[in-house]
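Structure at a glance
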Amino acid sequence: MSFANDLLTWYDANARTLPWRGERDPYRIWLSEIMLQQTQTQTVKGYYARFLERFPDVFALAAADEESVLKLWEGLGYYSRARNLHAAAKAVANGRDGAFPTDAAGLRQLPGIGPYAANAIASIAYGEPVPALDGNQARVLSRVLAWEEALRTPFDLLEPATGLISRERPGDYNQALMDLGASVCLPKRPHCGDCPVAAHCEALKEEAQEDFPHKSAPVPKKEEDWSILLVFAGDKLLAHRRPKGLLGGLYEFAAVPGHFDRAELSDALTRQGFGGVRILDRLPDARHVFTHRVWRMRGWTASCESFPEDFLPVDSGALAALPFPSALRVYRGIAEELIRG
Ligand code: SF4
């Protein structure tokens, strides 16, 4: 039997039960694939259900305002995914009368749909035989092929992966490889004894499973110091909507790049347009690791008599309704306690 047939026979008996499995609606497949990027399957299930309840089709999502989309996304991280999701929904609903492109090349033209998601959606929704190469697929295939070259991206395996994919059931094949990577061909100690494609696996023959994939040297993360300031104007706390870019559209507190003493922080806030600033108490430090950078945060409380017009004074109800990034979870929690008094 071929690699694809062995894999599909196993999948037919062992497929994971997931809310988006068996789905043919490209809107739902697209939503699940975007949510699953960088996020655990278990976490996605709840978000997927809540999203579909609120936005049952692409027209409902396109008609929503960005803030309510980000609020529903809160906690999933990688917020550019949510903004792109919204932009793509508008493009499909308003520019294409609700119809998604029906092949991977067309899907890649939509915001936020990269080669992986395009291939996953095209294969599952439309049966196009294109491999959905993510880290899991790349791990399995690099072992099956004993791929000697260092992988910069999973798509370095595009050519051999395209040669292996099932022409009859490409969507199931891609999902089968996802399941195999998630439950059998694990990064450490793969369960080769239970593996349906063991007979095809070159790494197993060499007893070198965990040597693959060969990875290029990781790029070191950039470390950034920030001072995060919970600034009060009377009994209201000041929040600010981030412009486009990292975490764009989400809210934040006053912030100064770098770690400073009280006098320096007061000067920095004054330069940002705050008036009558008093730096009050030190708060705990916090740290957040993004894909390519690390924020080392030092927190403070402060008060002011006037503030720039792009800051919003909020009470505890308004604070709870605003979407904040997970990076600020610690300070948001402290802010909620302080504002409740
Ligand atoms: S035999 Fe082992 S290493 Fe090879 S694909 Fe199966 S689980 Fe992965």
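What you see is a predicted model; the values in this text were computed from it and never measured.

1. Things to note about the overall build of the protein
- A tally of regular secondary structure across the protein gives 15 helices and seven strands.
- Principal-axis analysis of the C-alpha atoms gives the protein an extent of 75 × 50 × 30 Å.
- Here the protein holds 341 residues, and the buried ones make up 37% of them.
- For the protein, contacts bridging at least 24 residues in sequence account for 65% of all contacts bridging at least 6.

2. Looking at helix α6 (residues 80-95)
- With 16 residues, α6 extends 21 Å from end C-alpha to end C-alpha; this agrees with the ideal 22 Å at 1.5 Å per step.
- Within the sequence span of α6, burial applies to Ala82, Leu85, His86, Ala88, Ala89 and Val92. In a view along the axis of α6, the buried residues occupy a sector of 165 degrees, so they form one face of it.
- On its buried face, α6 sits against α2 (26-36), α4 (58-63) and α5 (66-73).

3. Description of the domain arrangement of the protein
- Taken domain by domain, the protein holds domain 1 (3-211) and domain 2 (222-340).
- Placing the centre of domain 1 and that of domain 2 at their C-alpha centroids yields a distance of 37 Å.
- Facing the nine residues of domain 1 at the interface are seven residues of domain 2.
- Here the element with the most residues in the side of domain 1 that touches domain 2 is α5; it accounts for four residues.
- Taken together, the residues of the side of domain 1 that touches domain 2 sort by class into two nonpolar, two polar and five charged.

4. Some remarks on the site of the ligand
- Neighbouring the ligand are 15 residues, the closest being Cys185, Pro190, Cys192, Cys195 and Cys201.
- Elements that contribute at least two residues to the shell around the ligand include exactly α9 (135-144) and α12 (202-205).
- Residues belonging to the shell around the ligand are distributed by class as follows: 12 nonpolar, two polar and one charged.

5. Some thoughts on helix α8 (residues 115-126)
- Given a rise of 1.5 Å per residue, 12 residues ought to cover 16 Å, and the 16 Å separating the end C-alpha atoms of α8 matches this to within 8%.
- Of all 12 residues in α8, 10 are buried, a share of seventy percent or more.
- Residues of α8 that are buried in the fold lie against α2, α7 (104-107) and α11 (170-183).

6. A word on the environment of His86
- Relative to the helices and strands, His86 resides in helix α6.
- Separated by 188 residues in the primary sequence, His86 and Phe274 have C-alpha atoms spaced 34 Å apart.
- Apart from the residues within four sequence positions on either side, His86 is in contact with Leu61, Glu66 and Val69.

7. Considerations on the packing of α9 against α11
- At a minimum axis separation of 8 Å, α9 and α11 run at an interaxial angle of 80 degrees. Comparing their axes, α11 and α9 come out roughly perpendicular. On the side of α9, the interface is formed by Asn136, Gln137, Arg139 and Val140, while α11 contributes Leu177, Met178, Leu180, Gly181 and Ala182.
- Across the contact of α9 with α11, the residue classes tally to five nonpolar, three polar and one charged.

Conventions used here
- The written sequence of each chain sets the order in which its residues are numbered from 1.
- Totals for whole chains, interfaces and linings use every residue, but because this is a predicted model, local features are given only for residues with pLDDT of at least 70 and side-chain atom pairs only at 80 or more, for both listing and counting.
- By the criteria applied, helices consist of DSSP H or I runs no shorter than four residues and strands consist of E runs no shorter than two, each listed in order from the N terminus.
- Put simply, a residue is buried when 20 or more other C-beta atoms lie within 10 Å of its own C-beta and exposed when 12 or fewer do; between those, it is partly exposed, and each C-beta is set from the backbone.
- Residues are defined as contacting one another if the C-beta atoms placed from their backbone atoms lie within 7 Å.
- Given the number of residues in a helix, its expected span is that number minus one, multiplied by 1.5 Å.
- The arc in question is formed by the directions pointing from the helix axis toward the C-beta atoms.
- Start and end points for every domain follow an automatic or database-based domain assignment.
- Under the scheme applied, nonpolar residues are Ala, Val, Leu, Ile, Met, Phe, Trp, Tyr, Cys and Pro; charged residues are Asp, Glu, Lys and Arg; polar residues are all the others, including Gly.
- Being near a molecule or strand means, for a residue, that its C-beta atom, positioned from the backbone, comes within 6 Å of it.
- To get an axis, fit a line to the C-alpha atoms, keeping to the stretch in contact for a helix; angles then go from 0 to 180 degrees between the N-to-C directions.
- Here is the rule for angles: anything less than 35 degrees is roughly parallel, anything more than 145 is roughly antiparallel, 65 through 115 is roughly perpendicular, and the remaining ranges are oblique.

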